[in-house]
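What follows is the residue order along each chain.
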Amino acid sequence: MDLRAFDGGYCRQMLGFVDRRSWQWVRFHAVFWAFSHPRHGWILIDTGYGGRFRAATQGWPYRFYRYVTPATTNGSASETLRRGGIDPREIAHVIVTHFHADHVGGLAEFPHAKLHYRADAWSKLATLSPWRQLRAAFLPALMPTWLREHSEIVEPSQFVDDGRCGLSTYDLLGDASVYLIDLPGHAPGQIGVWWPEERRAYVADAFWRESQLEPGAKLLGPALALQWDSSAYVDTLERLRRWRARAKIELIACHSLIAERALQGASHV
Ligand SMILES: [Zn+2]
């Protein structure tokens, strides 16, 4: 399987909130991904900030988003894909890990695709007041008008824990090649993607930097407070640590150093 990383823009963050050994400002890249499937071609995972972030943060209260996480976008996600040699019109499936703006900003650019996500990832955010949506890093203006018609929603009850990874999973294509993993805590209904044969999983924002996988590593209070459900976040991270240690799984997170290196290199992981 070929897994490729794409530059979806970045925001600047104080590293110390994640890893208190260093207090420098760093770039957190919004990496998005495409992986190849023998029957379905390239399947996209998230889209980065896309090309409409500025327009989506024009009005209040959403404008605050720009100040809290100063983002630099990388233009349209579909153009980024095209430059990387993938025709965006051929993308038939997009997996949406969660609805934070740095993951879904380019969704509207893929009107031919089916979007796959967990039901509560969308429903819990869509019904919030604008201020609460802002606090949950959700920008409704980024949502495509055709979202509902093009969605293949997975219900929470479809995820099952068969004991293989210590988290519940769902066989996305019915061929046991790609599973969605339930990763509670960071955002409502957050999911990752697991390729069992590759011993590799993409876990979105279940952690930000690899240092968080070290035993006993803890996020500082303000970073923990950003999570949708902080105790679920801590529990999910612990499950990922145990899974990695037991099954020698490679875990890739959106803003992690592995992802950053994938961007700098040939974009292949
Ligand atoms: Zn996120």
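Details of the structure are given in the entry above.
Residues numbered from 1 in each chain as written. Predicted model: local features only at pLDDT ≥ 70, side-chain atom pairs only at ≥ 80, totals over all residues.

Some remarks on the pairing of strand 3 (residues 41–45)
Side chains on a regular strand alternate between the two faces of the sheet. Within strand 3, 4 of the 5 residues are buried, which leaves the element mostly enclosed by the surrounding structure. For strand 2 (residues 25–37) and strand 3, the ladder comprises 5 bridges, and the chain directions are antiparallel. The residue of strand 3 that forms the bridge with A34 is L44. (Buried ≥ 20, exposed ≤ 12 C-beta atoms within 10 Å, placed from the backbone. Helix = DSSP H or I, 4+ residues; strand = E, 2+ residues; numbered from the N terminus. Pairing = 2+ DSSP bridges.)

Focus: the sheet that holds strand 12 (residues 250–252)
Reading across from one edge, 8-9-10-11-12 is the order of the 5 strands in this open sheet, with mixed pairing throughout. At either margin of the open sheet sits one strand with a lone partner, and together these are strand 8 (169–171) and strand 12. Within the sheet, the average angular offset between the axes of one strand and its neighbour, ignoring direction, is 25 degrees. Pairing geometry for strand 9 (residues 179–182) and strand 10 (residues 191–195), over 4 bridges, is antiparallel. What sits directly across from I181, in strand 10, is G192. (Axes fitted to C-alpha atoms, helices over the stretch in contact; angles between N-to-C directions.)

As for the environment of G265
Of note, G265 is situated in the segment after helix 9 (257–264). When the 10 C-beta atoms within 10 Å are taken as the criterion, G265 is described as exposed.

Quick word on the environment of G192
Summarising the element assignment, G192 is placed in strand 10. On the neighbour-count criterion, G192 (28 C-beta atoms within 10 Å) is buried.

Some remarks on unusual backbone geometry
Note the cis peptide between W60 and P61, where omega equals 0 degrees. With respect to the secondary-structure elements, P61 resides in the loop between helix 1 (53–56) and helix 2 (64–68). Backbone geometry places A204, a non-glycine residue, at a positive phi of 50 degrees. Turning to its location among the elements, A204 is positioned in the loop between strand 11 (200–202) and helix 7 (221–225). Exposure remark for A204: the 26 C-beta atoms within 10 Å place this residue in the buried category.

So, the pairing of strand 10
Most of strand 10 sits inside the fold, with 4 of its 5 residues counted as buried. Across 3 bridges, the pairing between strand 10 and strand 11 is antiparallel. Its bridge partner lying in strand 11, W194 is registered against A201. Linkage of strand 10 to strand 11, two consecutive antiparallel strands, is achieved through a turn of 4 residues, within which R199 is found at a positive phi near 55 degrees.

Looking at the nonpolar core
Ranked by internal contacts, the top residues of the largest apolar core, which has 74 residues, are W33, A101, I181, V203 and A253. Top contributing element to this core by residue count: strand 2, with 7 residues. With residues near it in sequence (within four places) discarded, I181 still touches C165, L167, T169, I191, G192, W194 and A201. (Core = buried A, V, L, I, M, F, W, Y, C linked by C-beta atoms within 7 Å. Contact = placed C-beta atoms within 7 Å.)

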